[in-house]
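A look at the structure
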Amino acid sequence: MSNTHTHNEHTCVVGLGWGDEGKGKVVDLLCPHYDFVVRFNGGANAGHTVYVGDEKFALHLLPSGVLHADKQAVVGSGVVVDPIALVDEIEMLSQRGIDIDGRLHISDRAHVVLAYHKTEDLLSESAAGDSGQIGTTSRGIGPCYADKMRRTSAIRMSDLRNWDLLSSRVRAVADMKRRTLSAMSGQNVAIDAEAILSELKPCVERIRPLIGDTMLRLHDASMDGKRFLFEGANGSLLDIDHGTYPYVTSSGTTANNVGNGSGVPARSIANVLGVTKSYATRVGHGPFVTELDNAAGQRIREVGHEYGTTTGRPRRCGWFDAVATTYSVRFGGVTEIALMHLDTLSGFETVGLCTGYRLDGQALRTPPSDCSTLERVEPVFEFVKGWSEDLRSVDSYERLPETARNYIQRIESLVGAPVTIISVGPERTQTIVRNTRVVSAREEAGT
Ligand code: GDP
Ligand code: IMO
Ligand code: MG
């Protein structure tokens, strides 16, 4: 008997840009076609918005699938978990009538974010000065992943099982952090291990029953024919290896990281759905070739409500970047595209698309690896005719204005992947789905 299953048609949803592409909405929409929803990277830096009728949910650590009462939710080994943020989120859901007990499973191999990680996040940003700052979400993500790699100062979810051992470890690491952070910042950085522990204690009791071997659970479920939806956090251009380094996050943000981040072999993923807006946005610092520092950018920000879900920061806005998106599609093995926020572009006489990069008069095939060069790149824009119609109630591809369909086709041909989901508003119903494998495969297979 084979010990691996590859025919369950598992799907991974990833952002193709710098985050906030609309992954939460897409995951929520696809949930009915899957049994498990799995986070495999990032932490509470993510902010995934889902509308259920008039109700708005913002999820940070939990997979958006928790909103569906009949789905199993997994927080995989590649996620960095802040126990306090986790309990806050569980309680927020419980107050709104959503109970997670018995269907939320957290990997015992996931790493733990503690208060000193957030202190370190803030201190290293201020030490970097205005020009060197990354503009992080201050959720302690980078410092926690750094501890994971350093090993000697890391704490994992499995350590929460034994309070006495955990307490002595937190005291030892907190002392080491106090000394290194004080030396780094030249100030006396107070890190109070006892305060950390007393805040942690009730959270640990609450989440201890949820901690387990999620890799084995997923393996057994896969053998049982269950179908998984992997929910990527952040975005491909924030990927630690292939993003706009150093203005990136600290984890692998694409389907390439599903294997490590969940324990489910990456080759068992049949579909990679790349989510992108019909334009580009970025929060935080770093190069942004198509950025519009003008009235058009301001208009996209206001019409699209482009303010961060996690930090409330205004998002930087620009035209769709086909060069960067093609790069994300290429290295992330993307098989289909969900094109979001098409409604936001209504009313522009012409809509811009970046079809090429030029540097010192030369055309580039792909984004350069270093940010100082990327900052000097000039976009080659093509402008296509826009549309004035309000798209928010358009329910089929054929009913979209011809100019909007031309825009979609232009994106497909530039990026080299089919646009199978088109979103015309934040709600579930404001979505056009066509010819996709991510919702139909199981039904077609008759399982
Ligand atoms: P995520 O991090 O990728 O899940 O995206 P966020 O939730 O941070 O940001 C996306 C925002 O756009 C949310 O407020 C969504 O409700 C909203 N949204 C998603 N799709 C659409 C769309 O097609 N049109 C409009 N107008 N808003 C959308
Ligand atoms: P979702 O899942 C948008 C950005 C931060 C910053 C950089 C590093 O909602 O799409 P970090 O706190 O991770 O060390 O910050 O990455 N960033 C995001 N931007 N959406 C996200 O997540 C992000 N996660 C991280 O703004 O520029
Ligand atoms: Mg977000």
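Since the model is a prediction, treat every value here as computed from it, not as a measurement. (Residues numbered from 1 in each chain as written. Chains lettered and ligands numbered in written order. Predicted model: local features only at pLDDT ≥ 70, side-chain atom pairs only at ≥ 80, totals over all residues. Heavy atoms only, no water.)

1. A word on the overall build of the protein chain
Along the protein chain, the regular secondary structure elements total 13 helices and 20 strands. For 447 residues, the compact-globule estimate of 2.2 N^0.38 gives 22 Å, and the protein chain sits close to it at 22 Å. Taken across its 447 residues, the protein chain has 57% of its residues classed as buried. Counting contacts in the protein chain only where the partners sit at least 6 residues apart, residues at least 24 apart contribute 76% of the total. Here the protein chain displays about 18,600 Å² of accessible surface, and carbon together with sulfur accounts for 49% of that area. (Helix = DSSP H or I, 4+ residues; strand = E, 2+ residues; numbered from the N terminus. Rg over C-alpha atoms; globule rule 2.2 N^0.38 Å. Buried < 20%, exposed > 50% of the residue type's maximum accessible area, 1.4 Å probe, protein only. Contact = heavy atoms within 4.5 Å. Areas by Shrake-Rupley, 256 points an atom, 1.4 Å probe, with all protein chains shown as cover.)

2. Notes on the site of ligand 2
Of all residues adjacent to ligand 2, which total 20 residues, the nearest are Asp20, Lys23, His48, Thr137 and Thr249. Take aspartate 20: an N or O atom from its main chain is 2.7 Å from an oxygen atom of ligand 2. Contact between ligand 2 and asparagine 234: an oxygen atom at 2.8 Å from a main-chain N or O atom of the residue. Burial of ligand 2 by the surrounding chains reaches 97%, relative to a free accessible area of 550 Å². (Near = heavy atom within 4 Å. Polar contact = N/O pair within 3.5 Å; in protein donor to acceptor, adjacent residues only side chain to side chain.)

3. Some details on the domain arrangement of the protein chain
Split into domains, the protein chain comes out as domain 1 (7–101 + 213–444) and domain 2 (111–210). Just the C-alpha atoms count here: the centres of domain 1 and domain 2 sit 29 Å apart. The partner domain 2 presents 24 residues to the 29 residues of domain 1 that form the contact. Carbon and sulfur atoms supply 61% of the area that domain 1 and domain 2 bury against each other, a total of about 2,200 Å² over both sides. The largest contributions to the domain 1 side of the interface with domain 2 come from Val80, Pro83 and Ile84, which together make up 24% of the buried area. At the boundary of domain 1 and domain 2, one finds 2 salt bridges. Linking domain 1 with domain 2 are 10 residue pairs in polar contact (both at pLDDT 80 or more), by the criterion used here. Looking at the side of domain 1 that touches domain 2, the elements that each hand over two or more residues are strand E6 (80–81) and helix H2 (83–95). (Domains from an automatic or database assignment. Buried area = accessible area lost by both parts, 1.4 Å probe. Salt bridge = Lys/Arg side-chain N within 4 Å of Asp/Glu carboxyl O.)

4. A word on empty space enclosed by the protein
One pass over the structure, following the stated rule, counts 1 cavity of 30 Å³ or more. Roughly 150 Å³ of internal volume is contained in the largest cavity. Around the largest cavity, the lining comprises 15 residues; the ones closest to its centre are Gly17, Thr276, Tyr279, Ala280 and Thr281. When contributions to the lining of the largest cavity are tallied by element, the ones reaching two or more residues are strand E11 (269–277), strand E12 (280–282), strand E14 (320–321) and helix H10 (322–332). (1 Å grid on protein atoms, 1.4 Å probe; cavity = no way out; pocket = protein on both sides within 12 Å on 5 of 7 lines; lining within 4 Å. Points joined across faces, edges and corners; volume = space filled by probe spheres on them.)

5. Here we look at the coordination of the magnesium ion (ligand 3)
Distances from the magnesium ion (ligand 3) to its protein donors, Asp20 (OD) and Gly47 (O), fall within 2.0 to 2.2 Å. In this pair, aspartate 20 sits in the loop between strand E1 (10–15) and helix H1 (23–30) while glycine 47 sits in the loop between strand E2 (36–39) and strand E3 (48–52), placing the two residues 27 residues apart along the sequence. Classification of aspartate 20 by relative accessible area gives partly exposed; the value is 22%. (Donors = N, O, S within 2.8 Å, 3.2 Å for Na, K, Ca; no water.)

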